[in-house]
Amino acid sequence: MLVVSWFGLGRIHVSLCAKRSHSFFSKPHPGSQLGASVTNKRSSKSLQLQHFPEIETENHKKEISGIALAHTRPNELVQNGEAPANWKKVLQGIRQMRSSADEHEPVSREEAANDTAPPKERRFAVLASSLLSSQTKEHVTRGATQRLHENGLLTAEAMNKADEETIKKFIYPVGFYTRKASNLKKIANICLMKYDGDIPSSIEELLLLPGVGPKIAHLVMILGWNDVQGICVDTHVHRICNRLGWVSRSGSKQKTRTPEETRKGLQRWLPKEEWVPINPLLVGFGRTICTSLRPHCGECSVCSFCPSAYKEASSFSSKSKKLALNKKP
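Before going into details, it helps to say that this report is about the structure given with it. Sequence positions are assigned chain by chain, starting from 1 and proceeding in written order. pLDDT decides what is reported in this predicted model: residues at 70 or higher carry local features, side-chain atom pairs at 80 or more are listed and counted, and totals for whole chains, interfaces and linings draw on all residues regardless. Only hydrogens and water are set aside; all other atoms, that is, all heavy atoms of the structure, feed into the side-chain values.

1. Overview of helix α10 (residues 235-243)
Part 1: For α10, the buried fraction is high: 8 of the 9 residues fall into the buried class.
Part 2: Relative accessibility thresholds used throughout: buried, under 20% of the residue-type maximum; exposed, over 50%; partly exposed, between the two (1.4 Å probe, protein chains only). Only DSSP runs of H or I with at least four residues qualify as helices, and only runs of E with at least two residues qualify as strands; both kinds are numbered from the N terminus onward. Buried within α10 are the following residues: His236, Val237, His238, Arg239, Ile240, Cys241, Asn242 and Arg243.

2. Quick notes on helix α3 (residues 119-133)
Part 1: A helix is expected to reach a length of 1.5 Å times the quantity of its residues less one. An ideal rise of 1.5 Å per residue puts 21 Å on 15 residues; α3 measures up with 21 Å between its terminal C-alpha atoms.
Part 2: Within α3, 12 of the 15 residues are buried, which leaves it mostly tucked inside the rest of the structure.
Part 3: Among all positions in α3, only Arg122, Arg123, Phe124, Ala125, Val126, Leu127, Ala128, Ser129, Ser130, Leu131, Leu132 and Ser133 are buried.
Part 4: Where α3 terminates, the next one or two residues include glutamine 135, which has phi positive at roughly 55 degrees.

3. What about the packing of α10 against helix α12 (residues 278-288)?
Part 1: Taken N-terminus to C-terminus, the directions of α10 and α12 make an angle of 80 degrees; their axes are 8 Å apart at the nearest point. Here α12 runs roughly perpendicular to α10, going by the angle between their axes. Every residue of α12 that contacts α10 at His236, Val237, Arg239, Ile240 and Cys241 is listed here: Asn279, Leu282, Val283, Phe285, Gly286 and Arg287. Axis lines are fitted through C-alpha atoms, for helices just across the contact stretch, and the angle between N-to-C directions can take any value from 0 to 180 degrees. Should an angle lie under 35 degrees it is considered roughly parallel, over 145 roughly antiparallel, and from 65 to 115 roughly perpendicular; all remaining angles are considered oblique. Residue contacts are counted whenever heavy atoms from the two residues lie within 4.5 Å of one another.

4. Some details on empty space enclosed by the protein
Part 1: Detection works on a 1 Å grid of protein atoms alone, calling trapped sets that fit a 1.4 Å probe cavities and calling open sets with protein on both sides within 12 Å along at least five of seven lines pockets, with lining residues defined by an atom within 4 Å of a point. Grid points are joined across faces, edges and corners, and a volume is the space filled by probe spheres set on the points. Counted under the stated rule, the structure contains 1 cavity of 30 Å³ or more.
Part 2: Taken together, 16 residues make up the lining of the largest cavity; nearest its centre are Phe285, Cys290, Cys297, Cys300 and Cys306.
Part 3: Charged means Asp, Glu, Lys or Arg here, nonpolar means Ala, Val, Leu, Ile, Met, Phe, Trp, Tyr, Cys or Pro, and polar covers whatever is left, Gly included. Class assignment for the residues of the lining of the largest cavity results in 12 nonpolar, 2 polar and 2 charged.

5. Points about the pattern of salt bridges
Part 1: Salt bridges, as used here, are contacts in which a Lys or Arg side-chain nitrogen is within 4 Å of a carboxyl oxygen on Asp or Glu. Per the counting criterion, the structure on display carries 7 salt bridges.
Part 2: For glutamate 157, the salt bridge identified is with lysine 161, shortest N-O distance 3.4 Å. With glutamate 157 and lysine 161 both in helix α5 (residues 156-161) and 4 residues apart, this pair spans about one turn of that helix.
Part 3: Note on lysine 161: relative accessible area 64%, which makes it exposed.

Put into structure tokens, the structure is as follows:
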């Protein structure tokens, strides 16, 4: 069973629950930066691929050259592709907060054995699982993907032959499961007709698939093809980057309106070695401290660099008090 999820410790997990004795994944391409690890459990095997481990470890130690930090005040939004002041300190502070959270079990570093699944089947499973994960909690995505795998539907050929109602039954209750079942059928047919059961190998072609947006496309390129073409920006990354003043609309100091606008703004200055780890790092930070409502600024070690610190929490409190007063007889 393939499950794609971004965890707050800067790690992409791909989990496997298989009836067969061999691993579901093919071995990484020679020179690949993706490291594989296997954790054996009583009822299943768990395969966890950690993304770009050398980036994860070395990035903390080395200074990034060729980036001129803008001499701006913390409350100024970034423009003209210049890197914001203190962005390295902010990232390092968030990394320290995330590592101290100790949310996940240690990952085994054993090598996968008897890895015989065809690469195109693995890539189709990555695409299907990524599509299911949109606006869906991790454990729900894991369950849906496991049911598809157990019933032999995680290949383009099998998915194309399956009845749409059957797919709906297996993936329920993922978000928008009816639409996703329809999209999975369409995607399977396209992959069979145009790519011989494989998936597209470019962002442009992936974006032509029904239900696939920029975030999913970039995630699939990373996990499926080991090709970093851009940053995966979800609501957490979008929100936090705007709060920090790291992005703004073109030609203005206003916040970006969409995750895609944030992605383009962030890629103008963020070094490429940070493009993969930035998503899981900020997702974990956004779930625990820099939350959508009532952010915990008092628990944030980098709030002194944040132009939005304490503002949204106090604004939310003021609105709540006004609502309470209005409800009084």
